[in-house]
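The chain contents come next:
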Amino acid sequence: MAPRLRVSAAELLPPDLPASARGNETRDRILKAAAKVLIAGDGQCEIADVARAAGVSAGLSYHYFTSKAGLISAVVEAFYDRMEAAVMEPNPKPGAGWGERERLRLERMVDFYYAEPLAPLILTRLSRTPEVAAVEAARLARHIDLAARNIELAQQKSEIPVELDAHLLGAMILGGLRQAIGQALGMVKRPGREKITEQLWSFITGTAQLKPARKKAAR
């Protein structure tokens, strides 16, 4: 017989939590379990294994994610939510010039990807699957838009040449970082964080034709 996919109200609504809180907690538990199963399986997972690890029924997992592809997409979405919160959204040094600020952002990016157990899978093996590729394409488009606005502000301050197209420059920088970090994570012996950060920063400054910061006049 086919597995039962319909879930009961008792499974969804335990007496100790409101419906929304219970639903969010269960969804998060399934996502965390899926991440662990993906890591342990080197990118492979089955709904039954995830449900077992999360301590829920397979039917409840399908209720939240409808399919294995949907579950993996949600894991990747959550991964990029964490990345954006740690790297893209905060201003690492308010008031600083573009170069100083983006150097700090790059360091945070390298730290995040090197520390995240899912990063090697998402940036290498999983990125070749249609569901993950779709998530990455949407996130990259968003990141390029953010980078372009950031670059335009730097151009207004004459830190980056105005003749460079901001969107094209943002795409080149972010695409290059994505590929280089993915390559590093897939290596048997990863380059150290300081080494890869220096190499990536050299790439960024060269691509952006970043002008040296003006030194304050000595008093």
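The rules behind the values
Residues numbered from 1 in each chain as written. Predicted model: local features only at pLDDT ≥ 70, side-chain atom pairs only at ≥ 80, totals over all residues. Heavy atoms only, no water. Helix = DSSP H or I, 4+ residues; strand = E, 2+ residues; numbered from the N terminus. Buried < 20%, exposed > 50% of the residue type's maximum accessible area, 1.4 Å probe, protein only. Contact = heavy atoms within 4.5 Å. Areas by Shrake-Rupley, 256 points an atom, 1.4 Å probe, with all protein chains shown as cover. Core = buried A, V, L, I, M, F, W, Y, C linked by side-chain atoms within 4.5 Å. pLDDT = per-residue confidence, 0-100. Salt bridge = Lys/Arg side-chain N within 4 Å of Asp/Glu carboxyl O. Phe/Tyr/Trp six-rings, centres within 6.5 Å; stacked < 30°, edge-to-face > 60°. Lys NZ or Arg CZ within 6 Å of the ring centre and 35° of its normal. Expected span 1.5 Å × (residues − 1). Arc of directions from axis to C-beta.

## Considerations on the overall build of the chain
A tally of regular secondary structure across the chain gives ten helices and zero strands. Out of the 219 residues in the chain, the part that is buried amounts to 43%. The contacts of the chain with a sequence gap of at least 6 include a subset with a gap of at least 24, amounting to 68%. Accessible surface, the chain: about 12,600 Å² in total, of which carbon and sulfur atoms supply 56%.

## With respect to the nonpolar core
Phe79, Tyr80 and Tyr113 are the most contacted members of the largest nonpolar core, which totals 57 residues. When residues of this core are assigned to their parent elements, the largest contribution, ten residues, is made by helix α5 (residues 68-88). If we ignore the near neighbours within four places in the chain, the residues touching Phe79 are Phe112, Tyr113, Glu116, Leu118, Ala119, Ile122 and Leu123.

## Remarks on the confidence of the model for the chain
Per-residue confidence for the chain averages 88 on the pLDDT scale, and 88% of its residues sit at or above 70. Looking over the chain, one finds the lowest element-wise mean pLDDT in helix α1 (residues 9-12), namely 34, and the highest in helix α10 (residues 193-208), namely 97. Overall, residues 1-18 carries pLDDT values under 50, and its contacts beyond four positions in sequence, including any with other chains, amount to 18 contacts.

## Examining unusual backbone geometry
Backbone geometry places Thr66, a non-glycine residue, at a positive phi of 65°. Relative to the helices and strands, Thr66 resides in the loop between α4 (58-65) and α5. The exposure class of Thr66 is exposed, given its relative accessible area of 61%. The backbone of Ser158 sits at a positive phi, close to 65°, despite the residue not being glycine. You can call Ser158 partly exposed: its relative accessible area is 43%.

## A short note on the pattern of salt bridges
Scanning all chains against the criterion turns up 17 salt bridges. The salt bridge involving Asp49 is made with Arg52; its shortest N-O contact spans 3.0 Å. Of this pair, Asp49 and Arg52 both sit in helix α3 (residues 47-54), three residues apart, which is roughly one turn of the helix. Here Arg101 ties to Glu102 by a salt bridge, and the two come within 3.4 Å at their closest N and O atoms. By the burial criterion, Arg101 is buried, and Glu102 matches it. Look at the salt bridges and you will find they share partners, linking Glu77, Asp81, Glu84, Glu89, Arg139 and Arg142 into a network.

## Quick notes on the packing of aromatic side chains
Applying the stated criterion across every chain, the model contains five aromatic pairs. Arranged with centres 6.4 Å apart and planes meeting at 45°, the rings of Tyr64 and Phe65 form a pair that is tilted. Assessed through its relative accessible area of 22%, Tyr64 is described here as partly exposed. We classify Phe65 as buried; its relative accessible area is 5%. Measuring from centroid to centroid gives 5.4 Å for Phe79 and Phe112, while their planes differ by 55°, and the two rings are tilted. Here Phe79 is found in helix α5, whereas its partner Phe112 is found in helix α6 (residues 98-115), with 33 residues between them in sequence. One aromatic cluster is present, formed by Phe79, Tyr80, Phe112 and Tyr113 through successive ring pairs. Taking the ring centre of Tyr114 as reference, the NZ or CZ of Arg190 above it sits at 5.2 Å.

## Comments concerning α10
With 16 residues, α10 should cover 22 Å at 1.5 Å per step; its first-to-last C-alpha distance of 22 Å lies within 8% of that length. Residues Ile196, Thr197, Leu200, Trp201, Ile204, Thr207 and Ala208 constitute the buried set of α10. Each buried residue of α10 lies within a common arc of 135° when the element is viewed along its axis, so the set occupies one face. Looking at α10, the residues exposed on the side facing more than 90 degrees away from the buried face are Glu194, Lys195 and Gln199. Looking at the buried residues of α10, the elements they touch are α6 and α9 (166-185).

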